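Structural overview for review
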Amino acid sequence: TLLEIWLEKLYNLGVKSFLINTHYKSNLVEKFVSESKFKKRIKLVNEKKILGTAGTLAKNIDFFKNSGGFVLHCDNFSKFSVKRFLKKHNNRPKKTLITLLSFNTTKPENSGIIKKNKKGIVKKIYEKKKKNYGKKANGAFYFFSKKSLEMISKYKNPPKDIVKDILMKNLNKIYCVHTNAFFIDVGDLKSLKIARKFNSIL
């Protein structure tokens, strides 16, 4: 499963604890976790009313135990190197607080298009615009530094959307790591078949 792929990737990198937010089909996620070898390392949180990715992050800041951590959408499938991503984050430009992954999309109108400078610092994000701003899209895979999480915890109004409520308010403080590896948002049966085919080939 996609969840298992991500858990394996992050655990092999050194991540020892995981928080999984559930809502739709939460019973299936709970069943998966109960049978997973990582179950003792997983904390499940269920939102009856969806808070948004940023809302979940803000509500569970204490989970990070005063350190930084990854935030991701596990319905994405990719072969990019998480190890390389973390190394890039650790060597990111000074004064940047958050690192995000970008990939080459074939559907820019359905994505957040990233504009960065030569140092990789994000200058602009065009969120799901019809006008062509390029093909480097936000992969919804992030590393939030300890300092960035401290900043979020002090927001007067709880954020809901990571892009609109956090990233767009912190342009010039975000570092972008780009991958040319296969990347797909598994949001329907067609994309699921593509991901399965690609995974079996590799």
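Remember, it's a predicted structure, so these values are computed and weren't measured experimentally.

Cut-off values and rules
- Residues numbered from 1 in each chain as written.
- Predicted model: local features only at pLDDT ≥ 70, side-chain atom pairs only at ≥ 80, totals over all residues.
- Heavy atoms only, no water.
- Phe/Tyr/Trp six-rings, centres within 6.5 Å; stacked < 30°, edge-to-face > 60°.
- Buried < 20%, exposed > 50% of the residue type's maximum accessible area, 1.4 Å probe, protein only.
- Helix = DSSP H or I, 4+ residues; strand = E, 2+ residues; numbered from the N terminus.
- Lys, Arg positive; Asp, Glu negative; His and termini not counted.
- Salt bridge = Lys/Arg side-chain N within 4 Å of Asp/Glu carboxyl O.
- Polar contact = N/O pair within 3.5 Å; in protein donor to acceptor, adjacent residues only side chain to side chain.
- pLDDT = per-residue confidence, 0-100.
- Pairing = 2+ DSSP bridges.
- Arc of directions from axis to C-beta.
- Contact = heavy atoms within 4.5 Å.

Points about the packing of aromatic side chains
Scanning all chains against the criterion turns up 15 aromatic pairs. On the basis of an interplanar angle of 80° and a centroid distance of 5.8 Å, the ring pair of F63 and F64 is categorised as edge-to-face. Here F63 falls in the partly exposed class, since its relative accessible area comes to 21%. With a centroid separation of 5.0 Å and an interplanar angle of 80°, the aromatic rings of F85 and F141 are classed as edge-to-face. Placement of F85 in helix 4 (residues 82-90) and of F141 in strand 8 (residues 136-144) is noted, with a sequence separation of 56 residues between them. Pair check on accessibility: F85 and F141 agree, each one buried.

Side note on the side chain of E47
As for its placement among the helices and strands, E47 is situated in the loop between strand 2 (42-46) and helix 3 (53-59). Of the side chains with opposite charge, K59 comes closest to the buried, unpaired E47, at an N-O distance of 6.2 Å. For E47, the side chain forms a polar contact with the main-chain nitrogen of L51, separated by 3.0 Å.

Section: the pattern of salt bridges
One pass over the full model with this rule turns up two salt bridges. Note that E8 and K37 form a salt bridge whose closest N and O atoms lie 2.9 Å from each other. Placement of E8 in helix 1 (residues 2-13) and of K37 in the loop between helix 2 (26-34) and strand 2 is noted, with a sequence separation of 29 residues between them. Using a relative accessible area of 25% as the deciding quantity, one classes E8 as partly exposed.

Remarks on the environment of N12
Within the fold, N12 resides in helix 1. The sequence separation of N12 and V82 amounts to 70 residues, and the corresponding C-alpha distance is 9.8 Å.

A short note on the confidence of the model for the protein chain
With 99% of its residues at a pLDDT of 70 or more, the protein chain shows a mean pLDDT of 93. Mean pLDDT per element in the protein chain: helix 7 (residues 189-201) is the minimum at 84, and strand 9 (residues 174-178) is the maximum at 98.

Observations regarding the pairing of strand 6 (residues 112-116)
Sheet topology places strand 6 next to strand 7 (residues 122-127); five bridges connect them, and they run antiparallel. Bridge pairing in strand 7 links G112 to E127. If you look at the hairpin formed by strand 6 and strand 7, you'll find five residues sitting between the two strands, and G120 has a positive phi there, around 90°.

A look at helix 4
Considered for burial, the residues of helix 4 that qualify are V82, F85, L86 and H89. Buried residues of helix 4 fall within an arc of 95° about the axis and therefore sit on the same side. For helix 4, the exposed residues lying more than 90 degrees away from the buried face are K83 and K87. On its buried side, helix 4 packs onto helix 1, strand 3 (69-72), strand 5 (98-104), strand 8 and strand 9.

Some thoughts on unusual backbone geometry
The phi dihedral of N66 is positive, around 65°, even though this residue is not glycine. Relative to the elements of secondary structure, N66 occurs in the loop between helix 3 and strand 3. N66 gets classed as exposed once you look at its relative accessible area, which sits at 56%. Positive phi values are uncommon outside glycine, yet K128 reaches one of about 50°.

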